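# Topology and contacts: notes
Below are the chains, spelled out letter by letter.
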Amino acid sequence: MLADRPSETVTTALKKWTMQPGLSEHALVEALGVYQSHEAVAPELLARLGRATNWNARAYAASVVGACADRLADPLALLRPLVADEHSRVRLQAVVACTYVARPEAMEVAAIAADFPADKFVTYALNQAVFALKPQWLPAFKVGKLNLENKPSRLGLLIRADGTPDTLNALREQVNSSTITGARRETFLNLLAEVGNTNDLARLLDARTFTTGPNHDAAQQARVLPTLAGTARVRNVRPAGDLVAALRPLIESPNDELRAEAIKLAGVWKLETFRPVTEAAALDGNASEKTRRAAVDALASLGGDASKTTLSRLSTEGPPSIQSAAIAALCGLDLNAAARLAGDSFARLSDETALGEIFTAFLQRQGGAAALAKVLASAARQKQAAEVGLRVMNTGGRRNKELAVILTDAANFNGAGKSMTQAETVAFVAEINTDGDANRGERIFRNPGLGCVACHSVNGQGGNIGPDLSALGTAQPVDFIIGAILEPQKEIKEGYVSISVTTKDGEEYQGYQVRETSDELVLRDVLQNKEVRLRRDTIKERKQNGSVMPNGLADTLTREEFRDLVRFLSELGKPK
C-alpha cells in the first residue's frame, strides 16, 4: 500500500517513524524495504542496520548499499565493517555490494574478506569481484597505489583469482621495483614463489634477488625459501636450472637460518647428493638446534632405511628438542617404531615443548593415536607426559577415546566430564549460582592445560580458533553453557564447523577451510595453528567434523572447578 503513496510523503514519515526509540530490528528492516520500493536512499538507516545484532539484518543492509551505491556519499565506509563481519553470509553480501562501486578502493575493501575463512559462496563472490573490478584495481596495483595493508591473503586473492599474464607481470614489476622494499617486497616475493613459473622460482635461490648494494639479506631469503617447499608439494613445481648447484652455496652459508631452510629444501626435492651433509648436520652435536632440526626434517623427506636408522639413533640421544624432532619425523616412516620410542621417551623427557611435539606428530598421522595408545597401555604411566598429551588433544581438537582414557588415568584425573540429566543440570545450575566463584573460574579458564584460552578470546585476549566469548553470559543461559562444554557437538555456531582431511600418505588435518580451488585446498589446521595447503589429488578423505572443541574437555576438572568455570563464563559481558 505504501508503495503507491507519494514518495516524498512516505519517506518523510518513515524518517520520523524510524527515529522513535525502542523499534525492533525487524521493524527497521521493513522500513528499509519501503525506502527501496520508492527508490529512496536512507544512509542513516543503512548504518544502523549495519550494526544490527541479527545477521540477516546486516546482510540485507549490505545488499541495499550495493543496490544504491551510486547515490550514497561513501558506500565503502558502510561496507568496510560488513566485509569483516563474523557471519559469512554478511561478508558474502558485502563483497557483492563492493562490485557496484567502480573504484580501486572497492577492491581494497572487498579483499578484507580474504582475511577470514571462506565457504564456497564467499570464495566465488571474491573471485567475481576480482574480475569485475579489474579495470580499476590493476592500474592502481601497477603503480603501487593499491592499498592492501601488506596482507598476503588479500594480495594472494587478486593474483590467484585472476592469474592472467598481465597480472603476473605486474607482480614481477613490483618485485623488480627499487621503490618496493622491506616487508612489502617480501610479501611480493613469497607470492611469486607461490604462483610464479620455474624461472620465477629460480630467482629465489639466487642471492642477488635479495641483495641491495653490497648487502645480502640472508634472513629475508631464509624467510622466503619455505614457500618454495610449499610450491613443490602443492603445485609439484621446482625452480629451473641445476638445483644442486643453486642450493650448494645456501647450504654452505654462514647464516644459520638460510642454511637450515636450504637443507629442508634438499629433502623436499629429494636431492640424494646432499644426504651425507644432511646426516652429518643432524648428528653434529656442535651444530645449532635450528640446523639439526632442519636436517632431521630433511632426512624424513628423503626417506629410506638410512633415514630410519639415523632418526632412531637421534630419538634417544642429544637435547630433548632433537629427540622429539626425530621421533616426530619417524612417524611418517615407521609409525609403530616411532610409538615404541615415544613410549620410552616419556619416562626420560621432562621438557614440555618436546613432549608436546611428540604427541602432536602422532595425532597428525592416521592411526597415530591408536599406535601410541597401544604402547602406553602396557607402559609405566608418566603423569607429566599424560598432562601434556591431554593439553595437546584439547587445544588441537583431536580426541581419540582410547588414548584419552589412558592419559586421563595416568594424569590422575577423575573429574566432572560426564553428561547430565535434565534434573542434574537444574541442580548444578543452582549450585553454580550459589557457590560458584567467577574469580577462581577465570584462573581455570586461563590455565594453559585446559586449552580454553588457546582457542577462545575474552575481551581481546586469547586465541581466534573458536568463537569470541566476551559476551557469552548475555547471550546464553547457564544450562546452555554447561551443555556446550559437555557436548560441544550438539550446537555449533555458524562459521565454526570444521573439516577433517586425510591424505593418501596418512597425514591427518582438522580445522577450518580458508579457500579451495580446482587444484588445492587450504585449511587452518587447529593442531598446528597454521595454514596448510594440500593438493586436491593427494586427498584420500574429507568430511565435516563439527566443532573442534573435543568431548571430554571437563574430564580434567573436579566438580568444584567445573562449577567455577561455568560461573565465570556465565558472567562474561554482564555489567560488574
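The written sequence of each chain sets the order in which its residues are numbered from 1. Local features are withheld for residues below a pLDDT of 70 in this predicted model, meaning they are given only at 70 or higher, and side-chain atom pairs are given and counted only at 80 or more; totals for whole chains, interfaces and linings count all residues. Where side-chain values are given, they derive from all heavy atoms of the structure, hydrogens and water being excluded.

## Comments concerning the packing of aromatic side chains
Two descriptors summarise a pair of aromatic rings, namely the distance from one centre to the other and the angle between the planes of the rings. Ring pairs shown here join Phe, Tyr and Trp side chains whose ring centres sit within 6.5 Å, with only the six-membered ring taken for Trp; geometry is labelled stacked below 30 degrees between planes, edge-to-face above 60, and tilted in between. Scanning the model with the defined rule gives four aromatic pairs in all. Between Phe445 and Phe568, the ring centres sit 5.4 Å apart and the planes meet at 50 degrees, which makes this aromatic pair tilted. Of the two residues, Phe445 is situated in helix H27 (residues 438-445) and Phe568 in helix H31 (residues 559-570); the sequence distance between them amounts to 123 residues. Three labels apply to residues, based on accessible area from a 1.4 Å probe with only protein chains included: buried if under 20% of the type maximum, exposed if over 50%, partly exposed otherwise in between. Judged by relative accessible area, which is 1%, Phe445 ranks as buried. Assessed through its relative accessible area of 7%, Phe568 is described here as buried. For the purposes of this entry, the term helix denotes a DSSP run of H or I that reaches at least four residues, the term strand denotes a run of E that reaches at least two, and both are numbered from the N terminus.

## Some words on the sheet that holds strand E7 (residues 520-525)
If DSSP finds at least two bridges between two strands, the strands pair. The strand order across the open sheet built from five strands is E8-E7-E6-E5-E9, with neighbouring strands paired in antiparallel fashion. At either end of the open sheet lies a strand with only one pairing partner, and these are strand E8 (530-535) and strand E9 (539-546). On average, adjacent strands in this sheet sit at an angle of 45 degrees to one another, irrespective of strand direction. Relative to E7, strand E6 (residues 508-516) is paired through five bridges, and the arrangement is antiparallel. Of the residues in E7, the one forming a bridge with Tyr512 is Arg524. Only the stretch in contact is used when fitting a helix axis, every axis being a line fitted to C-alpha atoms; angles between N-to-C directions are given from 0 to 180 degrees.

## A word on the nonpolar core
Within this scheme, the nonpolar core is defined by two criteria: the residues are buried Ala, Val, Leu, Ile, Met, Phe, Trp, Tyr or Cys, and they are joined through side-chain atoms within 4.5 Å. Counting 140 residues, the largest nonpolar core has Met107, Phe141, Leu247, Trp269 and Phe362 as the members making the most contacts within it. Residues are treated as being in contact if the distance between any of their heavy atoms lies within 4.5 Å. The contact partners of Phe362, leaving out residues within four places of it in the chain, are Ile327, Cys331, Leu335, Ala338, Ala339, Ala342, Gly368, Ala369 and Leu372. Counting residues in hydrophobic clusters, the runner-up holds 26 residues, among them Val429, Ala438, Phe445 and Val478.

## Here we look at empty space enclosed by the protein
Gaps left between atoms show up when a probe the size of a water molecule is rolled over them. Cavity means a closed set of points on a 1 Å grid over the protein atoms alone, one where a 1.4 Å probe fits but cannot get out, pocket means an open set with protein on both sides within 12 Å along at least 5 of 7 lines, and lining means a residue has an atom within 4 Å of a point. Grid points are joined across faces, edges and corners, and a volume is the space filled by probe spheres set on the points. All told, the structure shown has one cavity of 30 Å³ or more when counted by the stated rule. Of the volumes computed, that of the largest cavity is approximately 80 Å³. Phe346, Phe359, Leu376, Ala380, Arg381, Gln382, Ala385, Ala386, Ile406, Leu407 and Ala410 together form the lining of the largest cavity. Where the lining of the largest cavity is concerned, the elements lending two or more residues are helix H24 (383-396) and helix H25 (401-410). Just so you know the grouping, Ala, Val, Leu, Ile, Met, Phe, Trp, Tyr, Cys and Pro go in nonpolar, Asp, Glu, Lys and Arg go in charged, and all remaining residues, Gly too, go in polar. Partitioned by chemical class, the residues of the lining of the largest cavity number nine nonpolar, one polar and one charged.

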